Amino acid sequence: MFHTLLSPRLLILVTFLASVTFVQFRGRVRHKLSRLVADHANLLAPYNSLMYLFSAVKAKPYADVRDFPELKQVTEQWQMIREEALKLFDEGHIRAASGYNDIGFNTFFKRGWKRFYLKWYGDFLPSASALCPKTAELLGKIPSINAAMFTLLPPGSRLGAHRDPFAGSLRYHLGLVTPNSPDCYIIVDGEKYYWKDGEAVMFDETYIHQAENRTDVTRVILFCDIERPMSNPVLRWINRVIGHGMIRAAATQNVPGEHVGVLNHIFAYVYQIRALGIRIKEWHKPIYYLLKWSLLAALGYAIVVGF
């Protein structure tokens, strides 16, 4: 019996379930049970638990931007960045993905959210270097910026409650064109912030958060993923090498011909299955949920039996 309890397979399973519990019950706001079980963040729960345990940043929804002095020059150059963002906006470059090749933000496009990638866990996109060279040059001087993009939230848009799956970074938002109003806001783990022109905010995107624009002004911001500071040099290396490698697989393009990561190539096919599920749900919700929970139960059984 003790041999079974101490078997490597069972220890791996218990560690995974403990990590999922830790991730899902971290913070004050939580998903309801049905969404908690199917949350995509569970896949990276063991990795994220390591990031939290060895993070040099306190576990709270918002971080102090002043603790990241390298970002001061970005905030100070917000007007220059805004000029390039507005030019992109006027020319129609800040837009939704042209197909199912943006796994990280695909659901946002249905709500009107749009983006233009500058950098994604690697080099700057060629279109970014060509169309907004000053911003690319500025951000390129700061190694802690893992990813950057311009994002747009039009009037009436709302992004539902969600958590990002990767804890190896923190999120930086810089207001470029905003309503400067409490009616255009983000809520992170129950704490509300509203964007303002020229003001930066930093938050932990792995807490459940949501956003809404109830004004008649389109919100445009600079959106960056900043490397999470780690207290342990080994974990810092793991985050930079292994973590970045995983997320780089979700790279996508602004224009045809730019690199698309392997996860987005796979997502283009997986979405067809998802689309079938959506059609079944529209046709008959009880059958949809019966199939969904049967598949989840079968997957869980297969994992437990496999271990």
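Preceding block: the structure.
What you see is a predicted model, and the numbers here were worked out from it, not measured in a lab.

Cut-offs used in this document
- Residues numbered from 1 in each chain as written.
- Predicted model: local features only at pLDDT ≥ 70, side-chain atom pairs only at ≥ 80, totals over all residues.
- Heavy atoms only, no water.
- Helix = DSSP H or I, 4+ residues; strand = E, 2+ residues; numbered from the N terminus.
- Buried < 20%, exposed > 50% of the residue type's maximum accessible area, 1.4 Å probe, protein only.
- Polar contact = N/O pair within 3.5 Å; in protein donor to acceptor, adjacent residues only side chain to side chain.
- Contact = heavy atoms within 4.5 Å.
- Salt bridge = Lys/Arg side-chain N within 4 Å of Asp/Glu carboxyl O.
- Pairing = 2+ DSSP bridges.
- Axes fitted to C-alpha atoms, helices over the stretch in contact; angles between N-to-C directions.
- Core = buried A, V, L, I, M, F, W, Y, C linked by side-chain atoms within 4.5 Å.
- Patch = residues over 30% accessible without salt bridge, like charges linked within 9 Å, V, L, I, M, F, W, Y side chains within 5 Å.
- Areas by Shrake-Rupley, 256 points an atom, 1.4 Å probe, with all protein chains shown as cover.
- Expected span 1.5 Å × (residues − 1).
- Arc of directions from axis to C-beta.

Participant: Got a minute to help me understand the side chain of D204 in this structure?
Facilitator: Assignment of secondary structure puts D204 in the loop between β8 (200-203) and β9 (209-213). For D204, a relative accessible area of 4% translates into the label buried. Among the polar contacts listed, one links the side chain of D204 to the side chain of R26, at a separation of 2.8 Å. Discounting chain neighbours no more than four positions away, the residues touching D204 are R26, Y52, K60, P61, L170, V188 and R228.

Participant: Please clarify how the pattern of salt bridges should be interpreted in this entry.
Facilitator: Between side chains of opposite charge, pairing is possible as soon as their charged atoms come close. The full count for this structure, using the stated rule, is 16 salt bridges. Between R163 and D39 there is a salt bridge; the shortest N-O distance is 3.4 Å. Linking R163 in the loop between β4 (158-162) and β5 (169-177) with D39 in the loop between α3 (33-38) and α4 (45-53), this pair joins segments that are 124 residues apart in sequence. Each member of the pair, R163 together with D39, is buried. Across the pair R171 and D225 runs a salt bridge, and its minimum N-O distance is 2.8 Å. Note that R171 is positioned in strand β5 and D225 in strand β10 (residues 219-227), a separation of 54 residues in sequence. Owing to a relative accessible area of 5%, R171 belongs among the buried residues under this scheme. Residue classification places D225 among the buried residues on the basis of a relative accessible area of 3%. Overlapping salt bridges, with partners in common, bring together D164, R171, E205 and D225 in one network.

Participant: Can you walk me through the sheet that holds β8 in this structure?
Facilitator: Sheet strands pair by backbone hydrogen bonding; their relative direction is either parallel or antiparallel. Across the sheet, which stays open at both edges, the six strands sit in the order β1-β8-β5-β10-β3-β2 with antiparallel pairing between neighbours. Two strands lie at the open edges of the sheet, namely β1 (62-63) and β2 (114-120), each paired on one side alone. Across eight bridges, β5 lies against β10 in antiparallel orientation. Following the sheet pairing, G175 is matched in β10 by I221. In the packing of helix α6 (residues 78-90) onto the sheet, the strands contacted are β2, β3 (145-153), β5 and β10, and the crossing angle to β5 comes to about 80 degrees. Those strands touched by helix α9 (residues 133-140) are β2, β3 and β10, and its axis lies near 145 degrees from that of β3.

Participant: Hey, could you run me through the nonpolar core in this one?
Facilitator: The nonpolar side chains of a soluble globular protein tend to be buried, and buried together. Among the nonpolar cores identified, the biggest contains 75 residues, and L118, W120, F150, Y172 and L222 are the most heavily contacted of them. Here the element with the most residues in this core is β3; it accounts for seven residues. Residues in contact with L222, not counting those within four places in the same chain, are V74, I81, L118, L139, M149, F150, Y172, H173, L174 and L176.

Participant: It is not clear to me how a nonpolar patch on the surface should be interpreted in this structure. Could you clarify?
Facilitator: A grouping of I103, V262, L263, I266 and V270 is seen on the molecular surface, where their side chains present a nonpolar patch of about 390 Å² in accessible area. Classification of I266 by relative accessible area gives partly exposed; the value is 45%.

Participant: Is there a simple way to think about helix α2 (residues 8-24) in this case?
Facilitator: Since there are 3.6 residues in each turn of an α-helix, residues three or four apart along the chain are aligned in direction. Given a rise of 1.5 Å per residue, 17 residues ought to cover 24 Å, and the 24 Å separating the end C-alpha atoms of α2 matches this to within 8%. Here α2 has its buried residues at L13, S19, V20, V23 and Q24. Buried residues in α2, looked at end-on, bunch into an arc of 125 degrees, giving them a common side.

Participant: Whenever I open this one, the pairing of β2 confuses me. Can you help?
Facilitator: Side-chain positions along a regular strand alternate between the two faces of the sheet. Of all seven residues in β2, six are buried; the element is thus mostly enclosed. As paired strands, β2 and β3 are joined by six bridges and run antiparallel to one another. Looking across to β3, one finds that K114 is bridged to L152.

Participant: Could you clarify how one ought to interpret the sheet that holds strand β6 (residues 184-188) in this entry?
Facilitator: The strand order across the open sheet built from four strands is β4-β9-β6-β7, with neighbouring strands paired in antiparallel fashion. Because the sheet does not close on itself, it has two edges, and the strands there are β4 and β7 (191-194). Averaged over all neighbouring strand pairs, the angle between strand axes comes to 15 degrees, with direction disregarded. Here β6 runs beside β7; their pairing, made up of four bridges, is antiparallel. In the sheet register, I187 faces β7, and the bridge partner there is K192.

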